[in-house]
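Coordinate analysis (summary)
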Amino acid sequence: MSVRETIVEGYRGALPTLLVSALGGLLAGGILGGMEAELEAVPGLLVVVPAFLAIRGSVYGSLGSRLSSALHQGLVEPHFTPDDRLVSAIAAALLNGLGASLVAATFTFAILTALGRRVAPLWTLALIALVGGALAGVILVAVIVVVVFGGYRRGMNPDNLVGPTVTTAGDIFGMAALFVATRLALAVT
Amino acid sequence: MASDWSVSGITRRLFPILVALTLLELVGGLTLGSFEATLRRYPSLLVLVPVTIGTAGNLGSVLSARLSTAFHLGILSFDVTDDELLGNTITTVLLAVTVFPVVGAGAWAVARVTGGARLPVETVVAVASISGLVLAVLAVAVTVTAAYTAYRFEADPDDVVIPVVTNVCDVLGVIVLFGVVRVIVT
């Protein structure tokens, strides 16, 4: 391929995906932009945000590509049945998502404390991470199963759907879940 | 292959990577924390945060997926005159130059709807566009370095390069945004 062909093909292929996931990012940003009161009430919350969103991306991106490969190999059927493989892949995604969120909250607390910066109590951050991780996890599992299985049944290659779905839905639902979890944590404090 | 799908099997492979990327992302988080006051004063900049991180990571992951494929196909050489490398570098810059001004205008509009557009639209567009251009250049540098390192160590670029590049670009997204906001806004 000539340089020009590489550019045209690469640009056309990537632009729609980038724009769709930018739209997701903007909606997530709209939620974050409206969280003035919560950021004030939970010092350290903003520090957790990038890690929290990145964990969603990695965990559910990995679940999506696992399901997608398994469909191609005929290991799972393209409809939701309480199949052992499917259940354990979903359980592993949820557990890893929760575990990593808890790690993020704990490190945020430890680092900010060590730096002498203002930080919310550990249990507040941990509660937000767990509730937010669980809420986002349940929604994202549903979105991924529907998109990957639905796309496959319609004759699409789920490999091409996983990336954009996870980045877009992960940002929106990740941020929304963090917002709801923070309100909840503040309500019980 | 059955054990491949067990909760413990998946966790053994996934969790160490998650912890490593969490620590990396906290560098971005701490950077955000250090200009939290500015971000909260101007909600349109706060709106820019997830989308800048996401788009920077996406630019890196698109480029690394393409370089990875070119590498598997044997059509990539790590030479500055390589057509594949040059073409993909230009594509990344063009994509950034297209998407980031839209992102800036979008962030301003979202902040305006949610009642917090205190910065003029041209300032937000300028912050997004300059950040985007710097990020495109950095994304290329990071991706090429990571792909070259994988190639030297004979690792499969698909396994290592994409997660590393995506998360490094996420963090760079925040750091570049911080730098540009300091120069333009404060």
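Everything in this summary refers to the structure shown in the same document. (Residues numbered from 1 in each chain as written. Chains lettered and ligands numbered in written order. Predicted model: local features only at pLDDT ≥ 70, side-chain atom pairs only at ≥ 80, totals over all residues.)

1. As for the overall build of chain B
In terms of regular secondary structure, chain B is built from six helices and zero strands. Its C-alpha atoms put chain B at 55 × 45 × 25 Å along the principal axes. Across the 186 residues of chain B, 54% fall into the buried class. When contacts within chain B are restricted to residue pairs at least 6 apart in sequence, those whose partners lie at least 24 apart make up 80%. (Helix = DSSP H or I, 4+ residues; strand = E, 2+ residues; numbered from the N terminus. Buried ≥ 20, exposed ≤ 12 C-beta atoms within 10 Å, placed from the backbone. Contact = placed C-beta atoms within 7 Å.)

2. A short note on the interface of chain A and chain B
Each side of the interface is counted separately: chain A has 51 residues, and chain B has 57 residues. Going through the elements one at a time, α1 (3–33), α2 (36–41), α3 (45–73), α4 (84–114) and α6 (158–188) of chain A are the ones with two or more residues in the side of chain A that touches chain B. If one sorts the elements of the side of chain A that touches chain B by residue count, α1 of chain A sits on top with 18 residues. Each residue belonging to the side of chain A that touches chain B can be placed in one class, and the counts come to 32 nonpolar, 16 polar and three charged. (Nonpolar A, V, L, I, M, F, W, Y, C, P; charged D, E, K, R; others polar.)

3. Topic: helix α5 (residues 122–153) of chain A
Look at α5 of chain A: 45 Å from first C-alpha to last across 32 residues, which is about the 46 Å you get at 1.5 Å a residue. One or two positions beyond α5 of chain A, positive phi appears at G155 of chain A, with a value near 80°. (Expected span 1.5 Å × (residues − 1).)

4. Notes on the environment of P16 of chain A
Residues and elements named next belong to chain A. Relative to the helices and strands, P16 is located in helix α1. Judged by the 10 C-beta atoms lying within 10 Å of it, P16 is exposed. Separated by 64 residues in the primary sequence, P16 and F80 place their C-alpha atoms 29 Å from one another.

5. Points about the packing of helix α3 (residues 43–72) of chain B against helix α4 (residues 83–113) of chain B
All names here are of chain B. Where α3 contacts α4, the two axes come as close as 10 Å, and the packing angle between them is 160°. Judged on the interaxial angle alone, α4 and α3 are roughly antiparallel. The handedness of the crossing between α3 and α4 is right-handed. Together, P43, S44, V47, L48, V51, T55, L59, L63, R66, L67 and A70 of α3 and E84, N88, T92, L95, A96, V99, F100, V103, A107, W108, V110 and A111 of α4 make up the contact between the two elements. Its residues placed into classes, the contact of α3 with α4 shows 17 nonpolar, four polar and two charged. (Axes fitted to C-alpha atoms, helices over the stretch in contact; angles between N-to-C directions. Parallel < 35°, antiparallel > 145°, perpendicular 65-115°, else oblique. Left-handed = near helix turned anticlockwise from the far one by under 90°.)

6. Regarding the environment of S129 of chain B
Residue and element names in this part refer to chain B. Tracing the chain through its elements places S129 in helix α5 (residues 121–152). The class for S129 is buried, based on 20 C-beta atoms found within 10 Å. Note: C-alpha distance between S129 and S68 (61 residues apart in sequence) is 28 Å. With near-sequence residues (within four places) excluded, S129 lies in contact with F100, P101 and G104.

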